[in-house]
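# Breakdown of the fold
Single-letter residue listing:
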Amino acid sequence: MSTPKIKAAVEEMVMPYLEENGFELVDIEYVKEGSNWFLRVFVDKDGGIDIDDCGRISEYLSEQLDANDPIPSAYFLEVSSPGAERPLKKADDVAKAVGKDVFVTTYEPVNGLKEFEGRLISFENDELVIEIGKQKHAVSYSKVASARLAIIF
């Protein structure tokens, strides 16, 4: 089974539990590191998640994976928080990040830049406005390659 199909199958298995318990699915990764495969599920909720939350989700998902067996080879299952520099995978994630510090990369230069680290001032009409110092940069959402929350010192 291909990686996108595995991720879709895992999402279908875990979503009922997450929705029922007030969690948000942030991302799923299925990656090979060295000789080992890892299935990583990143979950959050208002106020953050703790180790007990991760344990319960892991237990539930492990049972589902054993019953449905969508992954033919051996792998390690990891359930965790997305961390302080949480990825912003969907437009809704970006909208929730307004007023916070972000790091955004683009597919092509915008105003001569491909990286923007600053305060997300607004996200309207599919355009992010990021303030870096005293300058504001407008970036079309369609040009965003990746985005995440940032910790700026």
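To be clear, the structure that these remarks concern was listed above.
To keep things clear, this report deals only with the structure shown in the data block. Since the model is a prediction, treat every value here as computed from it, not as a measurement.

The five strands lie next to each other as 7-6-5-4-8, forming an open sheet whose pairing is antiparallel. At either end of the open sheet lies a strand with only one pairing partner, and these are strand 7 (135–140) and strand 8 (144–149). Along the sheet, successive strands turn relative to each other by an average axial angle of 40°, direction set aside. Across five bridges, strand 5 (residues 113–124) lies against strand 6 (residues 127–132) in antiparallel orientation. The partner of arginine 119 across the bridge, within strand 6, is glutamate 131.

Before going further, it helps to examine a negative patch on the surface. Among the surface-exposed residues, Glu59, Glu63, Asp66 and Asp69 lie close enough to one another that they form a single negatively charged patch. The topology assignment puts glutamate 63 in helix 2 (residues 51–68).

It is worth spelling out the pattern of salt bridges at this point. Under the counting rule described, the total for this entry stands at 12 salt bridges. Among the ionic pairs, arginine 86 bridges to glutamate 24, the shortest N-O distance being 2.6 Å. Taken together, the positions of arginine 86 in the loop between strand 3 (76–80) and helix 3 (91–96) and glutamate 24 in strand 1 (residues 24–33) put the pair 62 residues apart, joining distant regions of the chain. Judged by its relative accessible area of 10%, arginine 86 falls in the buried class. The partner of glutamate 85 in a salt bridge is arginine 148, and the shortest N-O contact between them spans 3.3 Å. Here glutamate 85 is found in the loop between strand 3 and helix 3, whereas its partner arginine 148 is found in strand 8, with 63 residues between them in sequence.

Further remarks concern the layout of surface pockets. Considered as a void within the structure, the largest pocket measures approximately 270 Å³ in volume. Lining of the largest pocket is provided by 14 residues; of these, Glu24, Asp44, Asp46, Arg86 and Lys96 occupy positions nearest its centre. Classifying every residue of the lining of the largest pocket gives four nonpolar, two polar and eight charged.

The next thing to look at is unusual backbone geometry. Phi angles above zero are rare outside glycine, and aspartate 69 is one such case at about 45°. Here aspartate 69 lies in the loop between helix 2 and strand 3. A positive phi is found at aspartate 126, a non-glycine position, where the angle reads about 60°. Relative to the assigned elements, aspartate 126 resides in the loop between strand 5 and strand 6.

Rules used in this analysis
- Residues numbered from 1 in each chain as written.
- Predicted model: local features only at pLDDT ≥ 70, side-chain atom pairs only at ≥ 80, totals over all residues.
- Heavy atoms only, no water.
- Pairing = 2+ DSSP bridges.
- Helix = DSSP H or I, 4+ residues; strand = E, 2+ residues; numbered from the N terminus.
- Axes fitted to C-alpha atoms, helices over the stretch in contact; angles between N-to-C directions.
- Patch = residues over 30% accessible without salt bridge, like charges linked within 9 Å, V, L, I, M, F, W, Y side chains within 5 Å.
- Areas by Shrake-Rupley, 256 points an atom, 1.4 Å probe, with all protein chains shown as cover.
- Salt bridge = Lys/Arg side-chain N within 4 Å of Asp/Glu carboxyl O.
- Lys, Arg positive; Asp, Glu negative; His and termini not counted.
- Charge placed at Lys NZ, Arg CZ, Asp CG, Glu CD.
- Buried < 20%, exposed > 50% of the residue type's maximum accessible area, 1.4 Å probe, protein only.
- 1 Å grid on protein atoms, 1.4 Å probe; cavity = no way out; pocket = protein on both sides within 12 Å on 5 of 7 lines; lining within 4 Å.
- Points joined across faces, edges and corners; volume = space filled by probe spheres on them.
- Nonpolar A, V, L, I, M, F, W, Y, C, P; charged D, E, K, R; others polar.

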